[in-house]
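Letter by letter, the chains look like this.
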Amino acid sequence: MTAFNDEAVTGDALRRALGVSRRRFLSTCTAATAAAVAAPVFGAAPALAQDRAEAAGHDGGRSALVPPHKRGIILYTVRDAIGRDPLASDLPSGFREVFKQLSRFGYRQVEFAGYGQHANAPGGADLGTVQGAKLLRSWLDEYGLRAQGSHGFIPPSWPLTPSDLETFKRYLEIANILGMEHMGTGGDPTGTPYRADWDLAAQKWNTLGAIARREGIKLYTHNHDSAYDFLLDGGPLDAEGRPTRSSGIRKLEYFLKMTDRKSVYLELDVFWAHVAQYKFHTYTAHDGSRRESVFDPAGLVVRNTNRFPLFHAKDGVVNPQSGLGYDMVPFGTGDIDYRKFFTRVGAKNYHNPMVEQDTAPSASVPGQSLEFARVGYDNLAALRARN
């Protein structure tokens, strides 16, 4: 099966230290079966030889689309391993052992999705404190990993309450201890389709982004398909005085336009962006006509390169019956053309792809998420530009 093209298509084609401020210091498949999750995987040697060979140019003259130091994973993919009781399993459990295993696979970056782990793991249950962050940082350094981002705290209040502002600054402090360049959230700036709400969200994010920037952190929002639907910004008003039609601009495109390019950033989830391509391809214009405009995820990044420091590298197999257009699978085993995507977006020493699979954990196959993490790394590392 072929993926939905990530270029514009129409009609039927669619159916398919530490602890100092960053300003003062910046540190240094388809589905695998249960039988594939074997002890040798977890005992594998660190993947440093390949990194050295690639850095020296000894990879057959082929160019890696994702350099070794940019290969990352969001820890949400292996959340079951982080939350596993080390006293009840021989599999890697808790942050420290998971970091060790991810490093062995070859990963050099991680993105956090919370700071909680099993209470029996080293450090205890909650590492979302200054002391906990220092411990996490020591383990990251131990295994040659860099924290590149996190889905942290975005204040729900606007205008900001003193309590929310204090909590936000505490998360920025933790981000700096961990050595992050970015901090973000897994939610949309607002949940409505109306321009007035996105204007308000832009004001809020400009304020938060400026606070983060003063601490040396780039603030980002991570989004699913809904944020790439069309903004309602004109035409007849409904009974509550809200617009019912669109100019054809998408919600996040408008958000990019209305926010400070030096303070507010986005993380593109490539899977959900392709779902949006499948789902949101027509809109009702202000004059009432139906118009087609197919979303081009790579094109959006190319037009706004510096606004997309992070990606979620998540894969899917085409399935129009799913309602989403795709079924999620381990990275590199699906139909999304990542070689084409990374070639088009370029700037490979700027973007930070994080392998993600929401469905990786399995109650019946406890080692599955780490095995899928290994598969994801191997497939990310294998991406090469065409000669």
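Residues numbered from 1 in each chain as written. Predicted model: local features only at pLDDT ≥ 70, side-chain atom pairs only at ≥ 80, totals over all residues. Heavy atoms only, no water.

Looking at an unreviewed UniProt entry, one finds the protein named Sugar phosphate isomerase/epimerase, with Streptomyces acidicola as its source organism.

Q: Let's hear about the overall build of the protein: which residues, and what values?
A: Along the protein, the regular secondary structure elements total 12 helices and 14 strands. Relative to its 387 residues, the protein shows a buried fraction of 53%. When the accessible surface of the protein is split by element, carbon and sulfur atoms take 51% of a total near 15900 Å². (Helix = DSSP H or I, 4+ residues; strand = E, 2+ residues; numbered from the N terminus. Buried < 20%, exposed > 50% of the residue type's maximum accessible area, 1.4 Å probe, protein only. Areas by Shrake-Rupley, 256 points an atom, 1.4 Å probe, with all protein chains shown as cover.)

Q: Explain the sheet that holds strand E11 (residues 310–313) residue by residue, including any values.
A: The strand order across the open sheet formed by 8 strands is E3-E2-E1-E14-E11-E8-E5-E4, and the pairing between neighbours is parallel. On the outer flanks of this sheet lie strand E3 (146–150) and strand E4 (182–185), each paired with one strand and no other. For this sheet the average axis-to-axis angle between neighbouring strands, irrespective of direction, equals 30°. In this sheet, E3 lies alongside strand E2 (residues 109–112) in parallel orientation, the contact comprising 4 bridges. Bridge assignment links Val 110 to a residue of E3, and that residue is Ala 147. Packing of helix H11 (residues 338–345) onto the sheet brings it into contact with strand E8 (264–269), E11 and strand E14 (352–355), and relative to E11 it is tilted by some 175°. (Pairing = 2+ DSSP bridges. Axes fitted to C-alpha atoms, helices over the stretch in contact; angles between N-to-C directions. Contact = heavy atoms within 4.5 Å.)

Q: Now, about H11: what can you tell me, with residues and values included?
A: Of the residues making up H11, those classed as buried are Tyr 338, Phe 341, Phe 342 and Val 345. For H11, the angular spread of the buried residues around the axis is 90°, confining them to a single face. A positive backbone phi angle near 60° is found at Gly 346, which sits one or two residues after H11. (Arc of directions from axis to C-beta.)

Q: Account for the nonpolar core, with residues named and values stated.
A: Counting 84 residues, the largest nonpolar core has Phe 99, Leu 102, Phe 112, Leu 178 and Phe 342 as its most contacted members. The element contributing the most residues to this core is helix H9 (residues 270–279), with 6 residues. Ignoring any residue separated from it by four or fewer positions in sequence, one finds Phe 342 in contact with Leu 65, Val 66, Phe 311, Pro 353, Leu 380 and Leu 383. Core analysis: the next-biggest nonpolar cluster, separate from the first, contains 5 residues, Ile 74, Tyr 220, Tyr 265 and Leu 310 among them. (Core = buried A, V, L, I, M, F, W, Y, C linked by side-chain atoms within 4.5 Å.)

Q: Pulling in residues and values, what's your account of the pairing of strand E13 (residues 325–329)?
A: Most of E13 sits out of view: 4 of its 5 residues are buried. Relative to E13, strand E12 (residues 315–319) runs antiparallel, the two being bridged by 5 bridges. Pairing of Asn 319 across the sheet is with Gly 325, part of E13. If you look at the hairpin formed by E12 and E13, you'll find 5 residues sitting between the two strands, and Gly 323 has a positive phi there, around 90°.

Q: Residues and numbers for the confidence of the model for the protein, please.
A: For the protein, per-residue confidence averages 88 on the pLDDT scale, and 84% of positions sit at 70 or higher. Segment residues 1–41 is flagged for pLDDT under 50; beyond a separation of four residues in sequence, or across chains, it makes 100 contacts in the model. When the criterion is pLDDT under 50, residues 43–49 qualifies, and its contacts beyond four places in sequence or with other chains add up to 11 contacts. (pLDDT = per-residue confidence, 0-100.)

Q: Which residues make up the packing of helix H7 (residues 195–214) against helix H8 (residues 251–258), and what values go with them?
A: Two elements in contact, H7 and H8, have axes separated by 9 Å at closest approach and are oriented at 45°. Here H7 is positioned oblique relative to H8, judged by the angle of their axes. Judged by the twist between their axes, the crossing of H7 over H8 is right-handed. When H7 is examined against H8, the residues Arg 195, Trp 198, Asp 199, Ala 201, Ala 202, Trp 205 and Asn 206 are found in contact with a partner set consisting of Lys 251, Leu 252, Tyr 254, Phe 255 and Met 258. (Parallel < 35°, antiparallel > 145°, perpendicular 65-115°, else oblique. Left-handed = near helix turned anticlockwise from the far one by under 90°.)

Q: So what about unusual backbone geometry? Which residues, and what values?
A: Following Trp 158, the chain continues to Pro 159 via a peptide bond in cis, the omega torsion being 0°. Within the secondary structure, Pro 159 sits in the loop between E3 and helix H6 (162–177). Of note in the backbone geometry, Ala 347 takes a positive phi value of approximately 45° without being a glycine. Turning to its location among the elements, Ala 347 is positioned in the loop between H11 and E14. Residue Ala 347 is classed as partly exposed on the basis of its relative accessible area, which comes to 37%.

Q: Mind laying out the pattern of salt bridges, listing which residues take part and the relevant values?
A: Should the charged atoms of two oppositely charged side chains come close, the side chains can pair. Applying the stated rule across the entire model yields 15 salt bridges. Between Arg 137 and Asp 141 there is a salt bridge, with the nearest N and O atoms lying 3.2 Å from each other. Remark: Asp 141 and Arg 137 occur in helix H5 (residues 130–142); sequence separation between them is 4 residues, near one turn of the helix. By relative accessible area, which is 3% here, Arg 137 ends up buried. Between Glu 181 and Arg 146 there is a salt bridge, with its nearest N and O atoms 3.9 Å apart. Separated by 35 residues along the polypeptide, Glu 181 in the loop between H6 and E4 and Arg 146 in strand E3 bring together distant segments of the chain. What makes Glu 181 partly exposed here is its relative accessible area of 23%. What makes Arg 146 partly exposed here is its relative accessible area of 24%. Each of Asp 269, Lys 314, Glu 356 and Asp 358 takes part in a single network of salt bridges with overlapping partners. (Salt bridge = Lys/Arg side-chain N within 4 Å of Asp/Glu carboxyl O.)

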